[in-house]
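# Fold and contact review
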Amino acid sequence: MTLGVALLGSTGSIGTTALRVLDRQRNRFRVAALTAFANTALLAEQAARFRPTFVGVVNRAGTNGAGTNHEPTTHEATAHSSWHTGQECLIEAATRDDVDIVLNAVVGAAGLDATLAALEAGKRVALANKETLVMAGDLAAAAARRGGGEIVPVDSEHSAILQCLAGRRPSDVRRVILTASGGPFRDWPAERLACATVDDALQHPTWTMGRKITVDSATLANKALEVIEAHYLFDLPYDRIEIIVHPQSVVHSLVEFVDGSVLAQLSAPTMELPVLYALTHPERVPDDGVRPFDPVACSPLTFEPVRYDEFPALRLGMEAGRAAGAAPAVFNAANEQAVALFLEGRLTFTQIASAIGSALEVFGGSAGDSREALLAADAAARRHVRSLFSC
Ligand code: NAD
Ligand code: MG
């Protein structure tokens, strides 16, 4: 019997990677639902190839505006799928009876409600959308407890930690060490960072990813998001989560145990492996698409300390995680808004971190004990960042 997968964000970097994996694993998994924001052309191609029963387009303007059950007329090959539009199609896809696993590859806070709904509905959530856990880690845990769902990380660092932890008790763990590539500005002097352009920030040395996470990797905000993600996923206190720069992105993270032994998980930098593992955990299955690991070709593997002073978004995010309440949601929302404005050319690279710092100063102490409170803090942080730059 095959397991049904709902792939939210199928047209993105993780989404298209996941479809390559699912194509090779058709004897285990069936694509039951696909959703995208607006790229109906690619979505229709994917629907024709994978024949999901449900297809969702979030942005009504990206379709002919006909409302639900819309099928693009130019793609008759997709007629077997039922097409839906609007924000609510994410939750519809995530909670369907023919769906066992929800692979949430949406970018940003927009993925929150689908994750919560899937967990309430008892699904496995293969979570790429780390912003969900950063904004609302406690709500996600509560939803999973109530509904019987579970989260399995897709993020490569967290997949590595999960694999290293297999079969271990929490009391066996001394600390986890997340690796960071350091991004395109790893060795740039501080004064040059103020002049970094959008093109510079989008040149990631080891990974090809969506634009938002690529900028997050340049500011190191991504690593702060991942520290918070690790805190919630593995129930680890912040003082047991550390970061090391590892430019080759081959060692995906490390776990040190109480006896001093350190385990790491290694592979060439590809998201196909963590995507597959999130679908099959705790099992491993053969995958003929994976390149054999070649230690010599990967050599040398090097490690460096993090340059916290040059990349202030990292420390701001880690402090927001420790502060808890709405602070992580404010950090996330301010970052999302600032990155969007940076990509539009409306603020400079170093202004991303100052905008986040300013939003945290004003709204970091807000309450974060409900979805509504978190969404209010998220909206306030975005408004604040826009107002800083008169947008
Ligand atoms: P991307 O921009 O390439 O793709 C995002 C997807 O989400 C697209 O399919 C888009 O249609 C959809 N989307 C965008 N806005 C939406 C909205 N408002 N509502 C519904 N759908 C929307 O991004 P990506 O690089 O694939 O990243 C996706 C998520 O995975 C992010 O949370 C990112 O941090 C995480 N992640 C990505 C990588 C990677 O290698 N790309 C690695 C680790 C984690
Ligand atoms: Mg990562």
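As a starting point, this report considers the structure included with it. (Residues numbered from 1 in each chain as written. Chains lettered and ligands numbered in written order. Predicted model: local features only at pLDDT ≥ 70, side-chain atom pairs only at ≥ 80, totals over all residues. Heavy atoms only, no water.)

### A look at the side chain of glutamate 256
With respect to the secondary-structure elements, glutamate 256 resides in strand 10 (residues 251-257). Within polar-contact distance, the side chain of glutamate 256 engages the side chain of arginine 175 at 2.8 Å. Not counting residues up to four positions away in its chain, the partners in contact with glutamate 256 are Val173, Arg174, Arg175, Ser261 and Val262. (Helix = DSSP H or I, 4+ residues; strand = E, 2+ residues; numbered from the N terminus. Polar contact = N/O pair within 3.5 Å; in protein donor to acceptor, adjacent residues only side chain to side chain. Contact = heavy atoms within 4.5 Å.)

### So, the sheet that holds strand 11 (residues 262-266)
Across the sheet, which stays open at both edges, the four strands sit in the order 9-8-10-11 with mixed pairing between neighbours. Here the strands that pair on one side only, and so sit at the sheet edges, are strand 9 (241-245) and strand 11. Neighbouring strand axes in the sheet, compared pairwise and without regard to direction, differ in orientation by 20° on average. Relative to strand 11, strand 10 runs antiparallel, the two being bridged by five bridges. Residue pairing in the sheet places valine 251 in a bridge with leucine 266 of strand 11. (Pairing = 2+ DSSP bridges. Axes fitted to C-alpha atoms, helices over the stretch in contact; angles between N-to-C directions.)

### Some details on helix 5 (residues 131-147)
Compared with the 24 Å implied by 1.5 Å per residue over 17 residues, the 21 Å span of helix 5 between its first and last C-alpha is markedly short. By the burial criterion, the buried members of helix 5 are Glu131, Thr132, Leu133, Val134, Met135, Ala136, Gly137, Ala140, Ala142, Ala143 and Ala144. A positive backbone phi angle near 85° is found at glycine 148, which sits one or two residues after helix 5. (Expected span 1.5 Å × (residues − 1). Buried < 20%, exposed > 50% of the residue type's maximum accessible area, 1.4 Å probe, protein only.)

### Overview of the coordination of the magnesium ion (ligand 2)
The protein atoms that coordinate the magnesium ion (ligand 2) are Asp155 (OD), Glu157 (OE) and Glu226 (OE), at distances spanning 2.1 to 2.3 Å. Within one chain, the residues donating to the magnesium ion (ligand 2) are spaced in sequence as D-x1-E-x68-E. When its relative accessible area of 8% is taken as the criterion, glutamate 157 is described as buried. (Donors = N, O, S within 2.8 Å, 3.2 Å for Na, K, Ca; no water.)

### Description of the pairing of strand 3 (residues 54-57)
Burial along strand 3 is two-sided: Phe54 and Gly56 facing one way and Val55 and Val57 facing the other are all buried. Crossover strand 2 (residues 29-36) to strand 3 through helix 2 (residues 40-50) is right-handed. In this sheet, strand 4 (residues 82-85) lies alongside strand 3 in parallel orientation, the contact comprising four bridges. The partner of phenylalanine 54 across the bridge, within strand 4, is serine 82. (Right-handed = clockwise from strand over helix to strand, strands pointing away.)

### Focus: the nonpolar core
Membership of the largest hydrophobic core comes to 121 residues, with the highest contact counts inside it found for Leu103, Val154, Phe185 and Ile352. Here this core gets ten residues from one element, more than from any other, and that element is helix 14 (residues 327-343). Filtering out sequence-adjacent residues up to four positions away, valine 154 remains in contact with Ile14, Leu103, Ala126, Leu127, Ala128, Ser159, Met271, Pro274, Val275 and Ala278. (Core = buried A, V, L, I, M, F, W, Y, C linked by side-chain atoms within 4.5 Å.)

### Structural notes on the pattern of salt bridges
In this structure the tally under the stated criterion is 27 salt bridges. A salt bridge links glutamate 120 to arginine 146; the shortest N-O distance between them is 2.4 Å. Residue glutamate 120 is located in helix 4 (residues 112-120), and its partner arginine 146 is located in helix 5; the two are separated by 26 residues in the primary sequence. Looking at glutamate 120, the relative accessible area reads 37%, which means it is partly exposed. Salt bridges sharing common partners tie together Lys130, Asp155, Glu157, Lys223 and Glu226. (Salt bridge = Lys/Arg side-chain N within 4 Å of Asp/Glu carboxyl O.)

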